[in-house]
Each structure stands twice: as C-alpha cells, then as structure tokens.
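Chain and residue survey
Below are the chains, spelled out letter by letter.
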Amino acid sequence: MLKWLTIVLAGLLALLQYRLWLGEGGMEDLALVRERVAVQEATNAPWRARNDRLAAEVVDLKTGLDAIEEHARNDIGMVRRDEQFFWVPGASDSVKGGSP
C-alpha cells in the first residue's frame, strides 16, 4: 500500500512540475511576457519623457508668468510697451544655420 502511495505522489509531483515549467502560464510563458514587457517599456520611454516635459510645462504655465510671456513672444510676436522691435530680413535664416 505504501509503495502505491509513493508512486501516485511521485506521479502527481511530476505532473505539477511539468505544468509549472512547460504548461500554460508556466515559466516559459512568464519569460515571453517579461520579454514583451521590456520591449513595450522601451517603446514607451520616449512618450513618457514627452509627457513629463508637457506636465512640467503645464505646471509652469499655471504658476508662472514667464512661460506665458515666452509663448506669447514666440507664437504671436508679443512686444512689451517699453521695448522696440527691429525686424532684420534674413536674420532668422542665418541664426538657424541657413545661408545669408
């Protein structure tokens, strides 16, 4: 009787080990999922950095006037009352690295 119990328990242990290492949801599947997660994390890294920059810009726009002024200068050409604006044709091309 003890001999049969030992054989049944050994068989059950072998079956469980098979499912652990080679079965569905086992270690092999876990390795594949970890590899896919690593690839996805690498894909998401630039987007995460972009989101962090945008979040910092939103905070800066909500709390400081300097960022709002910078956007107004760049986007709509804002000039202060105590400033004079001089436009030099072709100056922006030479600054960006273009030919004069």
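Under the criterion given, the structure shown has 1 salt bridge. A salt bridge links Arg48 to Glu41; the nearest nitrogen and oxygen atoms lie 3.5 Å apart. By relative accessible area, which is 42% here, Arg48 ends up partly exposed. Judged by its relative accessible area of 42%, Glu41 is partly exposed.

Inspection of the secondary structure puts Ala42 in helix H2 (residues 27-63). Its relative accessible area of 54% is what places Ala42 among the exposed residues. When the C-alpha positions of Ala42 and Ala31 are compared, they lie 17 Å apart, and in sequence the two are 11 residues distant.

With that settled, the discussion passes to the packing of H2 against helix H3 (residues 65-76). Running from N to C, H2 and H3 point in directions that differ by 105°, and their axes come no closer than 5 Å. In terms of their interaxial angle, H2 and H3 are classed as roughly perpendicular. The residues of H3 that touch H2, namely those facing Glu57, Asp60, Leu61 and Thr63, are Leu65, Ala67, Ile68 and His71. Its residues assigned to classes, the contact of H2 with H3 shows 4 nonpolar, 2 polar and 2 charged.

Moving on: a nonpolar patch on the surface. The grouping of Leu2, Leu5, Leu9, Leu12, Leu15 and Leu16 at the surface amounts to a nonpolar patch, some 610 Å² of accessible area in total. With respect to the helices and strands, the residue Leu16 is situated in helix H1 (residues 2-21).

Spanning 12 residues, H3 covers 16 Å between terminal C-alpha atoms, matching the ideal 16 Å at 1.5 Å per step. Against H2 lie the buried residues of H3. Among the residues trailing H3, Gly77 stands out with phi positive, at a value near 70°.

This brings us to the environment of Glu35. Summarising the element assignment, Glu35 is placed in helix H2. Classification of Glu35 as exposed rests on a relative accessible area of 53%. For Glu35 and Leu13, which are 22 residues apart along the polypeptide, the C-alpha to C-alpha distance reads 29 Å.

What counts, and at which threshold
- Residues numbered from 1 in each chain as written.
- Predicted model: local features only at pLDDT ≥ 70, side-chain atom pairs only at ≥ 80, totals over all residues.
- Heavy atoms only, no water.
- Salt bridge = Lys/Arg side-chain N within 4 Å of Asp/Glu carboxyl O.
- Buried < 20%, exposed > 50% of the residue type's maximum accessible area, 1.4 Å probe, protein only.
- Helix = DSSP H or I, 4+ residues; strand = E, 2+ residues; numbered from the N terminus.
- Axes fitted to C-alpha atoms, helices over the stretch in contact; angles between N-to-C directions.
- Parallel < 35°, antiparallel > 145°, perpendicular 65-115°, else oblique.
- Contact = heavy atoms within 4.5 Å.
- Nonpolar A, V, L, I, M, F, W, Y, C, P; charged D, E, K, R; others polar.
- Patch = residues over 30% accessible without salt bridge, like charges linked within 9 Å, V, L, I, M, F, W, Y side chains within 5 Å.
- Areas by Shrake-Rupley, 256 points an atom, 1.4 Å probe, with all protein chains shown as cover.
- Expected span 1.5 Å × (residues − 1).

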